[in-house]
Amino acid sequence: MTGLPTSTPEATSSAPAARSARATRSAPSARSARAIRVSEEVAQAVADGRPVVALESTIFTHGLPRPRNLAVALEAEKQLREAGVVPATIGVHAGVPTVGLSTEQITELSATDGLDKVSLRDLPVVAALGRHGGTTVAATAFLAHRAGIRVFSTGGLGGVHFGASESFDESADMTTLAATPVTVISAGVKSILDIRATLERFETFNIPVIGYRTRRYPGFYVTDSGHEIAYSVESPEEAARLIEARDGLDLPQAVLIANPVDPAKQLPPEELDGILARAWAEAERQGVTGNASTPFLLDFIQRDTHGRSLEVNVEVYRGNVRLGGQIATALAAAAGSEA
C-alpha cells in the first residue's frame, strides 16, 4: 500500500493503475502534503515505480560517533545507488520533515550538536519550533509511508524495556508500526531490550515478524537472540510476495523482516550478557532513564567492547541496507509485471 508523492503531483499521472489504486487509499491530505518535503528525485522515483529505500537519520545524529556517522550515512546512500535503488534519507531540517535529505543536509545534521531525537509525537513540535532533528524508526516509517515508500532499512528496532510492567517504558516504534504499512528490515530489536516481551507485543499488535533465511530471531549484536519466530522467507522475491499479499488484504500494519548479522561478524554471544549487565548497572548508578537510556547504553557497550560493538553496528546496517535494496527491487519488478 503506497502513498502519493507529496511535492510533485504531475508524477502520479504516469504510475501504473495498480500502484495508483493502492496510492489512493493512503494519499495524504493537502495540508499534510504541504507539511512534508519530498525531494524531487524521490518523488519521481516513486511515481515511476522505481525501487526506493527509506533510511533513518538517528543512526548518524545520535547512534554513531563523529566522523564515522557521516561516513556511514553517505556510504548507505552510495550502496543503494550502486544497486540501482534510490535512497531516501529522512530527517527534520530546520523544522521541515524531509524525505530525501540532500548530501549537504545530511552533512549539516551529522555535525550539529544537541539535535532532537524525533519520534512521531515530536514531529509537530520540532516543525513548529523550526528545529533540526534525527528521526527514529517511528517517525521515519510514518514519513516514508506518506511519501509512498514501501521499504525502510534500519539497524535495530525499539521495543519493550526491562521493567516495563512497572515503568510502562515501551518504544513508540511498535504502536506506529502497527498502523503504518511499510516493510522494515532490521537485525531485530536492540540487545538492551526485553526481546521476549517485545515479540509478544508485536504479536498483540498483529505485526508479522519474518526471519530472512532463519527462524531464529536475531539480537542485533548477535545472530541468534535465543527466541524462535514462526515464519521465514528465503529470497527478496518471496519477501515481495508477502508484502503484496499484505497490501492485497489492505492491512494497516508493517511487515518486519529480521535480517541477522553474519555470525562471523557478531559480538561473541558468551560476552554479551556480561556487557549488558555492566551497562544497565552504570545507567542505574547515573540515573539515566527514558529517551536517554538507549544512546547511553549503546555508548557504554561501545566503550566496554573497545569499539568492537561499533563495527558490528555498522555491519548490521550495511546488511540491512543491502537487503532493503534487494526487496525494493523485487517489489518494483513485481509491480512492473502487473502493469
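Residues numbered from 1 in each chain as written. Predicted model: local features only at pLDDT ≥ 70, side-chain atom pairs only at ≥ 80, totals over all residues. Heavy atoms only, no water.

**Details of the overall build of the protein**
For step 1, the next point in the chain: Counting its regular elements, the protein contains 15 helices and 13 strands.
For step 2, the next point in the chain: The buried share among the 339 residues of the protein stands at 57%.
For step 3, the next point in the chain: Across the protein, contacts joining residues at least 24 apart in sequence account for 74% of those joining residues at least 6 apart. (Helix = DSSP H or I, 4+ residues; strand = E, 2+ residues; numbered from the N terminus. Buried < 20%, exposed > 50% of the residue type's maximum accessible area, 1.4 Å probe, protein only. Contact = heavy atoms within 4.5 Å.)

**Considerations on unusual backbone geometry**
For step 1, the next point in the chain: For the bond running from arginine 66 to proline 67, omega is 0°, close enough to zero to count as cis.
For step 2, the next point in the chain: Secondary-structure assignment places proline 67 in the loop between helix 4 (58-63) and helix 5 (68-82).

**Description of the pairing of strand 13 (residues 255-258)**
For step 1, the next point in the chain: Burial along strand 13 is two-sided: the face carrying Val255 and Ile257 and the face carrying Leu256 and Ala258 are both buried.
For step 2, the next point in the chain: One ladder, built from 4 bridges, connects strand 8 (residues 183-186) with strand 13; its direction is parallel. By the bridge assignment, threonine 183 is partnered in strand 13 with valine 255.
For step 3, the next point in the chain: Examined bridge by bridge, strand 9 (residues 209-212) and strand 13 share 3 bridges and lie parallel to one another. Bridge assignment links glycine 211 to a residue of strand 13, and that residue is alanine 258. (Pairing = 2+ DSSP bridges.)

**Here we look at the packing of aromatic side chains**
For step 1, the next point in the chain: This model, assessed by the stated rule, comprises 1 aromatic pair.
For step 2, the next point in the chain: Between phenylalanine 220 and tyrosine 221 the ring centres are 4.8 Å apart and the planes differ by 70°, which places this aromatic pair in the edge-to-face class. A single burial state applies to phenylalanine 220 and to tyrosine 221, both of which are buried. (Phe/Tyr/Trp six-rings, centres within 6.5 Å; stacked < 30°, edge-to-face > 60°.)

**Concerning helix 3 (residues 40-48)**
For step 1, the next point in the chain: Buried within helix 3 are the following residues: Val42, Ala43, Ala45, Val46 and Ala47.
For step 2, the next point in the chain: Immediately downstream of helix 3, the backbone of glycine 49 shows phi near 80°, a positive value.

**Considering the environment of serine 191**
For step 1, the next point in the chain: Structurally, serine 191 is set in the loop between strand 8 and helix 11 (195-204).
For step 2, the next point in the chain: For the pair serine 191 and glycine 158, spaced 33 residues apart in the sequence, the C-alpha separation amounts to 9.8 Å.
For step 3, the next point in the chain: In this view, serine 191 contacts Gly219, Phe220, Tyr221, Leu272 and Leu276; residues no more than four positions away in its chain are not counted.

**Description of the environment of phenylalanine 152**
For step 1, the next point in the chain: When you line up the elements, phenylalanine 152 lands in strand 7 (residues 151-153).
For step 2, the next point in the chain: Judged by relative accessible area, phenylalanine 152 falls into the buried class, the value being 0%.
For step 3, the next point in the chain: Sequence-wise, phenylalanine 152 and threonine 183 are 31 residues apart; in three dimensions their C-alpha atoms are separated by 6.0 Å.
For step 4, the next point in the chain: Each residue touching phenylalanine 152, except ones within four places of it in the same chain, is listed here: Ala54, Leu55, Glu56, Val137, Thr140, Ala141, Thr183, Val184 and Ile185.

**A few points about the side chain of aspartate 173**
For step 1, the next point in the chain: Structurally, aspartate 173 is set in helix 10 (residues 172-177).
For step 2, the next point in the chain: Judged by relative accessible area, which is 6%, aspartate 173 ranks as buried.
For step 3, the next point in the chain: Within the structure, aspartate 173 has its side chain in polar contact with the backbone nitrogen of alanine 138 (distance 3.1 Å).
For step 4, the next point in the chain: A polar contact is formed between the side chain of aspartate 173 and the backbone nitrogen of glycine 158, at a distance of 2.8 Å. (Polar contact = N/O pair within 3.5 Å; in protein donor to acceptor, adjacent residues only side chain to side chain.)

**Concerning the pattern of salt bridges**
For step 1, the next point in the chain: By the definition in use, this model includes 19 salt bridges.
For step 2, the next point in the chain: Arginine 50 is paired through a salt bridge with aspartate 48; the nearest N and O atoms lie 3.6 Å apart.
For step 3, the next point in the chain: In this structure, aspartate 247 engages arginine 246 in a salt bridge whose closest nitrogen and oxygen atoms are separated by 2.5 Å. Accessibility classification places aspartate 247 together with arginine 246 in one group, the buried group.
For step 4, the next point in the chain: Bridged by salt links that share partners, the residues Glu75, Lys265, Glu315 and Arg318 form one connected network. (Salt bridge = Lys/Arg side-chain N within 4 Å of Asp/Glu carboxyl O.)

**Examining the nonpolar core**
For step 1, the next point in the chain: One finds Val42, Val99, Ile149, Leu177, Phe202, Tyr217 and Leu256 to be the most contacted residues of the largest nonpolar core, which totals 65 residues.
For step 2, the next point in the chain: Each residue touching leucine 256, except ones within four places of it in the same chain, is listed here: Leu157, Leu177, Val184, Phe202, Ile207, Pro208, Val209 and Ile210.
For step 3, the next point in the chain: Ranked by size, the runner-up nonpolar core spans 33 residues in total, among them Ala73, Leu101, Tyr212 and Ala330. (Core = buried A, V, L, I, M, F, W, Y, C linked by side-chain atoms within 4.5 Å.)

**Quick word on the environment of leucine 123**
For step 1, the next point in the chain: Within the fold, leucine 123 resides in helix 7 (residues 123-129).
For step 2, the next point in the chain: Taking C-alpha positions, leucine 123 is 7.4 Å from alanine 139, a pair spaced 16 residues apart along the chain.
For step 3, the next point in the chain: In contact with leucine 123, not counting residues within four places along its chain, are Val92, Pro97, Val118, Ala139, Phe142 and Leu143.

**A look at helix 11**
Each turn of an α-helix holds 3.6 residues, which means side chains three or four residues apart point in the same direction.
For step 1, the next point in the chain: Taken together, the buried positions of helix 11 are Ile195, Ala197, Thr198, Leu199 and Phe202.
For step 2, the next point in the chain: Looking at the packing, one finds that the buried side of helix 11 touches helix 10, strand 9, strand 10 (216-217), strand 11 (227-228) and strand 13.
For step 3, the next point in the chain: Between the side-chain oxygen at the start of helix 11 and the backbone nitrogen of arginine 196 there is a gap of 3.4 Å, and the oxygen is on aspartate 194.
For step 4, the next point in the chain: Just downstream of helix 11, asparagine 206 is the residue with a positive phi angle, here 60°.

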